[in-house]
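Tertiary structure, described
Given next are the chains, with one letter for each unit.
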Amino acid sequence: MKILVAVKEVAELAEQFDISGITIGEEYFQYDLNEWDSYAIEEAVQLNEAGLADEVVIATIGPERSEETIRTALAKGADRAVRVWDEALDDIEVLDLHGKVELLAAVVEHEEPDIVLTGVQAGDDQFGATGVALAERLEFGWAAVVNDLEVDSSGETISVRRELEGGIEELANVDVPAVLTIQTGINDPRYASLRSIRQAQRKEITTLSLEELGMNSSVVESPLELLGMAEPETEGTATYFEGEPEESASALASLLEGAGVVEI
Amino acid sequence: MSILVVAEHRDGDLRDVSFELLTAGVELASTLGDELHVAIINGDVDRFAAELNSEGVSAIHTIDHGDEFNHDVYCQIVSALCDRIDPSYVITPNSVNGLDYVPAVAQGLDLPLITNVVDVEHDGRLRATREMYGGKVETSVGTEAETALLMLRPGEWPTTHEPGDATVVSHEIEVDRDAVRSTVTGFDAVAADGIDISEAEFIVSIGRGIEDEDNLKLIEHLVDMTGGTLAASRPIVDNDWLPAHRQVGQSGKTVTPTVYLAIGISGAVQHVAGMKDSDIIVAINNDSNAPILDIADYAIVDDLFDVVPELIRECGGEPPGV
């Protein structure tokens, strides 16, 4: 059984930043592996270690910069990686869902995995749609927001728990091949050891352009347009307890006593 | 043209988000001069239709293919319904189940999809407001497309319950069983060990700011001194530092205590959804930009490791050595 993990390098924004028009300066960003994807990678690696999968392949859409993030994923136990990028993607403000799905579908059709895992959403754009749309495109089974999974012995179905709102979980069986979107907390993602980081340097990263995927730039033409960007207006009306910790703590203790929840 | 709202229900009840989508749908339909249609799939469709029959709704479409949600069935039915009634915009919930079928509808019908929407306007083209970077930035995303799918974040619109006189139409829609690749086998509630944080009067809740599992004993000491109930935001539960029944937020419990003391919690929207109706919200956070401060009634912007020991002393205790 082969597992493909679709990951994204996400942009993390500094606490203080400036917006100019519809862009934010590069100096305010740091890049890292998407938090949800780190759980997807761990899940794949654990299936591999349990003997249920023989190969774990990372797939990503990202510029050359993202190779560092891919190396992190490889150091956590994935076998090799495929990175899709093209000049045509450089200037796109909003990479539309359908374009993203076509690129990933091309990789999946080439790799022919049994299971595709990906995070529930990317931490930067918080879109949350790629995995399920990809499954529909591939005619795979799918489940979104999975916090537990078990591949049955035949390898033909996966039993999943989906984390619904309000502390309720849905139990479902999904046909393989399948795409599952993985929720945080499903496992305890490992840190890469120094030795595994060194080993990851030798693992293969294949880079593919649109042309090499048999596509042209029309595939990433987006029906969506970024029109504006702003910091949300704050409506805070809080009363601030200021001063040294003993002063603020004293004011807070009086408040708690006044509200009748603490007896002092 | 018409606007189509797809309602959501679970375990025999319409979820609040369905009535929020109605509000958004009525607003958008009136801006565009379009009719508002509502779709109800599965469950007690006639009762749900009666509940959703609100002012401003022209037609309610019911399709009965079972009791609960199945994403394959929903995907096929919503796609077929779009072919039948040819809506301009389709309004759906950005809920866990919404995330499980709406992207597939968008993919199958090759329509633009905008998720996690917090505001919608139309000035010749559709403009949706959505957040990025953990809520630090609000973006306006537009599309010239005449048909698009929108997923609206729960809790952003008020609910609508004004009685209306919509026509209810029952549809027979064939489901292709070969394309149903999943089966829902049951539901489970998170184990609670007899503790129900939603009953608590005073909640001491911790988040990422606690940094390390060992630091929990500081907060546990405060809880012991004050008789409060310990709760947490998602990262603490994801790390297995506290059990899932202590989690406050969209995927955890909704709480409404007299006092909610948020310590080291930044206030992500999913967390706020579970505690915003507390009587008094107090935040201790060292980040003066933390979103929790926007909804707090009282706040201390300082290091929790300096403030909490002092608070323990104020309550007559002696902080543990951390």
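In this numbering scheme, every chain counts its residues from 1 along its sequence in written order. Each chain takes a letter, starting from A, and each ligand takes a number, starting from 1, following the order in which they are written. Note on the predicted model: pLDDT of at least 70 is required for a residue's local features to be given, and 80 or more for side-chain atom pairs to be given and counted; whole-chain, interface and lining totals, by contrast, use all residues. For side-chain calculations, the full set of non-hydrogen atoms in the structure is used, while hydrogens and water are omitted.

**Here's the deal with the UniProt feature "domain: Electron transfer flavoprotein alpha/beta-subunit N-terminal" (unreviewed entry) in chain B**
UniProt positions are given in the numbering used here, feature names are shortened, and annotations may be inferred rather than shown by experiment. Under the UniProt annotation, "domain: Electron transfer flavoprotein alpha/beta-subunit N-terminal" (unreviewed entry) lies at residues 3-189 of chain B. We count a stretch as a helix when DSSP gives it H or I for four or more residues in a row; a strand needs E for two or more, and each element gets its number in order from the N terminus. Between the first and last C-alpha atoms of residues 3-189 of chain B the distance is 35 Å; the span itself is 29% helix and 35% strand.

**Focus on the pairing of strand 12 (residues 178-182) of chain A**
All names here are of chain A. Burial classes: relative accessible area under 20% of the type maximum marks a residue as buried, over 50% as exposed, and values in between as partly exposed (1.4 Å probe, protein chains only). Of all five residues that make up strand 12, five are buried, and the element is covered over most of its length. Because side chains alternate across strand 12, one face comprises the buried residues A178, L180 and I182, and the other comprises V179 and T181, equally buried. Strand direction decides the pairing type here: strand 8 (residues 115-119) and strand 12, joined by five bridges, are parallel. By the bridge assignment, V116 is partnered in strand 12 with V179. Pairing between strands is defined by DSSP: at least two bridges between them are needed. As paired elements, strand 9 (residues 141-151) and strand 12 share four bridges and run parallel to each other. Looking across to strand 12, one finds that A143 is bridged to L180.

**What to know about the pairing of strand 1 (residues 2-7) of chain A**
Residue and element names in this part refer to chain A. Burial analysis of strand 1 places six of its six residues in the buried class, the great majority of the element. Residues K2, L4 and A6 point to one face of strand 1 and I3, V5 and V7 to the other, with burial holding for every one of them. As paired elements, strand 1 and strand 6 (residues 55-61) share six bridges and run parallel to each other. The residue of strand 6 that forms the bridge with A6 is A59.

**A short note on the pattern of salt bridges**
Residue and element names in this part refer to chain B. Each reported salt bridge corresponds to a side-chain nitrogen of Lys or Arg within 4 Å of a carboxyl oxygen of Asp or Glu. Taken as a whole and assessed by the stated rule, the structure comprises 32 salt bridges over all chains. Here R234 makes a salt bridge to D238, at a shortest N to O gap of 3.2 Å. Of this pair, R234 and D238 both sit in helix 6 (residues 234-238), four residues apart, roughly one helical turn. Assigned by exposure class, R234 and D238 land together as buried. In this structure, E318 engages R313 in a salt bridge whose closest nitrogen and oxygen atoms are separated by 3.7 Å. A residue is classified by how much of its surface remains accessible, and E318, at 54% relative accessible area, is exposed. Residue R313 is classed as partly exposed on the basis of its relative accessible area, which comes to 39%.

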